[in-house]
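# Observations on the three-dimensional arrangement
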Amino acid sequence: MITVSFVCLGNICRSPMAELICKHEVEKRNLALSFDIKSFATSEYEVGNPIYTPAKRTLEKHGIEGTHIARQITKKDVINSDYILVMDTNNLFDVLRLTSGEFGEKIFKLCSFTSNPRDVADPWYTGDFERAFNDIYDGVNCFLDSLLKEKKEAFDYDKRH
C-alpha cells in the first residue's frame, strides 16, 4: 500500500480537495486498495473544522463527494507517508522545517509532476475554487500517471489480486 499525504496551510480547502480528488481518481483506476490517502495542515488554525463549504461545493459540482476534518501534520505522519504532496512553496518549507530537513526525498510540490510546475492557487485568498480544483486535478492525475509508470509491476500485481 502506498501512503500519500496532501498538505496545505489550514487543511480545509486545498489539501482536503486533493485528498478527495485523489481518492476519486484511484477509484476510477480500480486502485483504491493500493492507496492510503490523507491530508493535513501545517498550522493548527483550523484543526477540528470541516472542509470549507465553497471547496466542498466545488468538488460536488465535479461529482466528487466526501467528508473531512482538519488535522495538523506531525513528524510521525511524514515518516509514515510514502509521498508528501504540498500545495505551495510555503507548505514545502513548513514541512521541511518540521522534519529538520529530513525526508526531503518524499516531499514534493503537487504540481511539480505537471508539464506546468507551479503552486496550487490558494482559494482562501483568491476566492477562485475552480482554479484551485483545476490545479489540483492536474497535479493529482500527473502524479498518479508518474507513479503508475514508476511502479507498474506492483500495480499490475494489485489489479490481479
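How each quantity is defined
Residues numbered from 1 in each chain as written. Predicted model: local features only at pLDDT ≥ 70, side-chain atom pairs only at ≥ 80, totals over all residues. Heavy atoms only, no water. Salt bridge = Lys/Arg side-chain N within 4 Å of Asp/Glu carboxyl O. Helix = DSSP H or I, 4+ residues; strand = E, 2+ residues; numbered from the N terminus. Buried < 20%, exposed > 50% of the residue type's maximum accessible area, 1.4 Å probe, protein only. Pairing = 2+ DSSP bridges. Contact = heavy atoms within 4.5 Å. Polar contact = N/O pair within 3.5 Å; in protein donor to acceptor, adjacent residues only side chain to side chain. Axes fitted to C-alpha atoms, helices over the stretch in contact; angles between N-to-C directions. Parallel < 35°, antiparallel > 145°, perpendicular 65-115°, else oblique. Left-handed = near helix turned anticlockwise from the far one by under 90°. Nonpolar A, V, L, I, M, F, W, Y, C, P; charged D, E, K, R; others polar.

Attention now goes to the pattern of salt bridges. As a working rule, side chains carrying opposite charge can pair if their charged atoms are close by. Per the counting criterion, the structure on display carries 13 salt bridges. Arg 14 is the partner of Asp 88 in a salt bridge, and the nearest nitrogen-oxygen pair spans 3.0 Å. You can see Asp 88 sitting in the loop between strand E3 (83-86) and helix H4 (89-98) and its partner Arg 14 sitting in helix H1 (residues 14-28), a full 74 residues away along the chain. Per residue, the accessibility class of Asp 88 equals that of Arg 14, and both read buried. When the shortest N-O distance is used, the salt bridge between Arg 29 and Asp 145 registers 2.9 Å. Of the two residues, Arg 29 is situated in the loop between H1 and strand E2 (35-41) and Asp 145 in helix H6 (residues 129-150); the sequence distance between them amounts to 116 residues. By relative accessible area, Arg 29 is classed as partly exposed at 22%. The network of salt bridges with shared partners includes Arg 14, Asp 88 and Asp 122.

Once that is clear, we can look at the pairing of E2. In terms of residue burial, E2 counts as a mostly covered element, since 5 of its 7 residues are buried. Inspection of the sheet shows strand E1 (residues 2-8) paired to E2 by 7 bridges, in the parallel sense. Bridge pairing in E2 links Ile 2 to Phe 35.

We now examine the environment of Ser 5. As for its position among the elements, Ser 5 is in strand E1. For Ser 5 and Ala 18, which are 13 residues apart along the polypeptide, the C-alpha to C-alpha distance reads 9.3 Å. The residues touching Ser 5, leaving out its near neighbours within four places in the chain, are Lys 38, Phe 40, Ser 81, Tyr 83, Ile 84 and Leu 85. Within the structure, the side chain of Ser 5 is placed 2.7 Å from the side chain of Ser 81, a separation counted as a polar contact.

Time to look at the packing of helix H2 (residues 53-61) against H6. The packing of two helices is summarised by the inter-axis angle and the distance between the axes. Orientation of H2 relative to H6, taken along the N-to-C sense of each, is 60°, at an axis distance of 10 Å. The orientation of H2 relative to H6 falls into the category oblique. The interaxial crossing formed by H2 with H6 has right-handed handedness. Of H6, the residues touching H2 (which contributes Pro 54, Ala 55, Thr 58, Leu 59 and Lys 61) are Phe 129, Glu 130 and Phe 133. Here the residues of the contact of H2 with H6 are counted per class, giving 5 nonpolar, 1 polar and 2 charged.

Just distances and angles here, no functional claims.
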